[in-house]
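Below are the chains, spelled out letter by letter.
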Amino acid sequence: MEESQQIPLIPSQIFILSGQSNMAGRGGVIRHPHQHHKHWDHVVPPECQPDPNILRLTADLQWIPAHEPLHADIDANKVCGVGPGMSFANAVRDGAGSVGLVPCAVGGTAIKEWARGEKLYETMVLRAKESVKEGGEIKCLLWYQGESDTMSEHDADAYQANMERFIQNVREDLGLPSLPIIQVAISSGDEKYIEKLRAAQLGMEVTNMVCVDAKGLELGGDNLHLTTNAQVKLGQMLAKAYLHHFASSNI
């Protein structure tokens, strides 16, 4: 028994989860009716249940069994709930062996905060590199971000170039020139420029990148964050995209 406890838990297939609040997960996060603070309702759907073969990398770079909320120690200044990560991991687990999730998303962040040299970007790259130090392979970056860039026409106009530069930098810095990337096209944000930004996301032509559209998924009362059920569906959509486009050549 002692010998088995010394064997580290090392996932074979590793997925980076990055972006802003809808990737970090706000499913089930509700405001207390008589107070100003928010809390998570602790409802974990069957599709998001823990599994011994699904691990996550903690803020202090340790692999532990994954459970909701995945981003609690990463997006630490916000109340985190259900995101797409666990339903994604459960959906790809059978074909991927042990799955490692590397949460990196932080709510309210614009694409310029994910530029090379910025803290969020450098932390993500560091976490990604640490995730494979003991073994395993980074299979895909799941990216859900852009709501913060719908606030001004300038930001919406600049989004595509910033995103393409981000992808190039990540691939260079991780030494993975063909790293698969699945981007989520946003379904919420400032109405003035959301369609401009969505058009940029859906029209991006980058090798080994596909886009999953969140439009039509249920939003919570704030009209910004996906509900728990919507996050479950999104995770399954991301898994379907991964298995269809990348898994056959990757696993």
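Coordinates for the structure precede this section.
The following paragraphs examine the structure supplied in this document. None of the values given here were measured: they were computed from a predicted structure. Every residue gets a number counted from 1 within its own chain, in the order that chain's sequence is written. With pLDDT at 70 or above as the cut-off, local features in this predicted model cover only qualifying residues; side-chain atom pairs require 80 or more to be listed or tallied, and sums for whole chains, interfaces and linings still use all residues. Only heavy atoms go into the side-chain values, all of them from the structure, while hydrogens and water stay out.

## As for the side chain of Asp149
Definition in use: Here a strand is any run of E in DSSP of at least two residues, a helix any run of H or I of at least four, and the numbering for each starts at the N terminus. Each polar contact in these results corresponds to two N or O atoms within 3.5 Å; when the atoms are within protein, one needs to be able to donate a hydrogen and the other to accept it, and residues that are neighboring in sequence are counted only if both atoms are side-chain atoms.
Its place among the elements puts Asp149 in the loop between strand 7 (137–144) and helix 5 (153–174). In this structure the side chain of Asp149 is engaged in a polar contact, spanning 2.8 Å, whose partner is the side chain of Gln145.

## With respect to the sheet that holds strand 5 (residues 63–65)
Put simply, the test is: Any two strands with at least two DSSP bridges between them are considered paired. Only the stretch in contact is used when a helix axis is fitted, and all axes are lines through C-alpha atoms; the angle between N-to-C directions ranges over 0 to 180 degrees.
Strand order in the open sheet made by the 7 strands is 5-4-6-1-7-8-9, with mixed pairing throughout. A single partner strand is all that each edge strand has here, and the edge strands are strand 5 and strand 9 (209–213). Ignoring strand direction, the axes of neighbouring strands in this sheet form an average angle of 25°. Relative to strand 9, strand 8 (residues 181–185) runs parallel, the two sharing 5 bridges.

## Focus on the state of the cysteines
Disulfides are covalent bonds that link the sulfur atoms of two cysteine residues. Rule in force here: Only a pair of cysteine sulfur atoms within 2.5 Å qualifies as a disulfide here. Here's how the labels work: a residue is buried when its accessible area is under 20% of the maximum for its type, exposed when over 50%, partly exposed in between, all with a 1.4 Å probe on protein chains only.
Counted according to the given criterion, the structure contains 0 disulfides. This cysteine, Cys104, is not joined by any disulfide, and Cys80 carries the nearest cysteine sulfur, 13 Å off. By relative accessible area, which is 5% here, Cys104 ends up buried. A disulfide-free cysteine, Cys140 has its sulfur positioned 12 Å from the sulfur of Cys211, the nearest such atom. By relative accessible area, which is 0% here, Cys140 ends up buried.

## As for the pairing of strand 6 (residues 99–103)
With 5 of 5 residues buried, strand 6 is to be regarded as a mostly interior element. Side chains of strand 6 alternate between two faces, with Val99, Leu101 and Pro103 and Gly100 and Val102 buried alike. Here strand 1 (residues 13–19) runs beside strand 6; their pairing, made up of 5 bridges, is parallel. Bridging across to strand 6, Gln13 finds its partner in Val99. For strand 4 (residues 54–57) and strand 6, the ladder comprises 3 bridges, and the chain directions are parallel. Residue Leu55 lies in a different strand from strand 6, and its bridge partner there is Gly100.

## Overview of the environment of Ala161
Counting through the fold element by element, Ala161 comes out in helix 5. Look at Ala161 and you get partly exposed, because its relative accessible area is 39%.

## Section: the layout of surface pockets
Sizing a probe to match a water molecule and rolling it over the atoms shows the empty space that remains. What counts here: The method works on a 1 Å grid over the protein atoms by themselves. A cavity is a set of points holding a 1.4 Å probe that cannot get out, a pocket is an open set with protein on both sides within 12 Å along at least five of seven lines, and residues with an atom within 4 Å of a point line them. Grid points are joined across faces, edges and corners, and a volume is the space filled by probe spheres set on the points. Each residue is assigned to one class: nonpolar for Ala, Val, Leu, Ile, Met, Phe, Trp, Tyr, Cys and Pro, charged for Asp, Glu, Lys and Arg, and polar for all the others, Gly among them.
One number sums up the size of the largest pocket: a volume of about 400 Å³. Lining of the largest pocket is provided by 24 residues; of these, Arg26, Val29, Lys38, Asp222 and His225 occupy positions nearest its centre. Looking at the lining of the largest pocket element by element, the count peaks at 3 residues for strand 2 (residues 29–31). A per-class count over the lining of the largest pocket returns 6 nonpolar, 12 polar and 6 charged.

## Focus: the packing of helix 5 against helix 6 (residues 194–203)
Heads up, the condition is: Here the word oblique covers every angle except those under 35 degrees (roughly parallel), over 145 (roughly antiparallel) and from 65 to 115 (roughly perpendicular). In what follows, residue pairs with any heavy atoms lying within 4.5 Å of each other are defined as contacts.
Following both chains from N to C, one finds helix 5 and helix 6 inclined at 5°, their axes separated by 8 Å at the closest point. Here helix 5 lies roughly parallel to helix 6, going by the angle between them. Two secondary-structure elements touch here, helix 5 through Glu153, Ala156, Asp157, Tyr159 and Gln160 and helix 6 through Lys196, Leu197, Ala200 and Gln201. For the contact of helix 5 with helix 6, a count of residues per class yields 4 nonpolar, 2 polar and 3 charged.

## A short note on the packing of aromatic side chains
Definition in use: Here is the rule: rings of Phe, Tyr and Trp (six-membered ring for Trp) pair when centre to centre is within 6.5 Å. Planes less than 30 degrees apart are stacked, more than 60 are edge-to-face, and the remainder are tilted.
Counted under the stated rule, the structure contains 7 aromatic pairs. Three or more aromatic residues link up through ring pairs in this structure, and these residues are Phe15, Phe88, Tyr242 and Phe246.

## Details of the pattern of salt bridges
The cut-off we apply is this: In the sections that follow, a salt bridge refers to a side-chain nitrogen of Lys or Arg positioned within 4 Å of a carboxyl oxygen of Asp or Glu.
Taken as a whole, this structure holds 12 salt bridges when the rule is applied. Glu153 is paired through a salt bridge with Lys196; the nearest N and O atoms lie 3.2 Å apart. Of this pair, Glu153 sits in helix 5 while Lys196 sits in helix 6, and the two are 43 residues apart along the sequence. Asp213 is paired through a salt bridge with Arg198; the nearest N and O atoms lie 2.7 Å apart. Of this pair, Asp213 sits in strand 9 while Arg198 is found in helix 6, placing the two residues 15 residues apart along the sequence.

## Comments concerning the pairing of strand 1
Counting buried residues in strand 1 gives 7 out of 7 residues, a clear majority hidden from the surface. Burial along strand 1 is two-sided: the residues Gln13, Phe15, Leu17 and Gly19 and Ile14, Ile16 and Ser18 are all buried. Sheet topology places strand 1 next to strand 7; 7 bridges connect them, and they run parallel. Residue pairing across strands places Leu17 opposite Leu142, the latter belonging to strand 7.

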